[in-house]
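# Coordinates in review
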Amino acid sequence: MPFEYFCFGCDAVSPERRAREADAEDELIEHRHTMHGGLRSASGDGVRRVHSEARGDRFLPKGSCLGVLFLLALVLANCWGR
C-alpha cells in the first residue's frame, strides 16, 4: 500500500503517493523546511498509509463521478416516466 504525508497546519497532502514510507517521510521533511521553516506544524503532520483502491484511484469511480451518474439516472428516469 502506498504512503503519503499530510499537514493539518496548511492542509497539505503529498502530490504523489510513494511506495516506501521513507520516501514519504523525506517529502514531509522537505515540506517542513519549505513551508514551516523546519518546524513541525502545531496542528500536526505525519505519514500515513493509504489504501488506493478504497479512494477510487484505480478501478472504482470517485465520489463526484458517482454523484453525476446518480443525477443522470434520475433525469433519465424522469424522462421515461412521461
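Before reading further, recall that the structure is shown in the block above.
Residues numbered from 1 in each chain as written. Predicted model: local features only at pLDDT ≥ 70, side-chain atom pairs only at ≥ 80, totals over all residues. Heavy atoms only, no water.

### A look at the overall build of the protein chain
Check the secondary structure of the protein chain and you find two helices and three strands. In the protein chain, which comprises 82 residues, the share counted as buried stands at 24%. For the protein chain, long-range pairs separated by at least 24 residues make up 48% of all intrachain contacts whose partners lie at least 6 apart in sequence. Accessible surface, the protein chain as shown: approximately 6200 Å² in total, 58% of it carbon and sulfur. (Helix = DSSP H or I, 4+ residues; strand = E, 2+ residues; numbered from the N terminus. Buried < 20%, exposed > 50% of the residue type's maximum accessible area, 1.4 Å probe, protein only. Contact = heavy atoms within 4.5 Å. Areas by Shrake-Rupley, 256 points an atom, 1.4 Å probe, with all protein chains shown as cover.)

### With respect to the sheet that holds strand β1 (residues 3–7)
Reading across the sheet, the three strands line up as β2-β1-β3 and stay open at both edges, with antiparallel pairing between neighbours. If you trace the sheet from one side to the other, it starts and ends with β2 (12–13) and β3 (45–49), each paired once. Relative to β2, β1 is paired through two bridges, and the arrangement is antiparallel. Residue pairing for β2: C7 is matched across the bridge by A12. (Pairing = 2+ DSSP bridges.)

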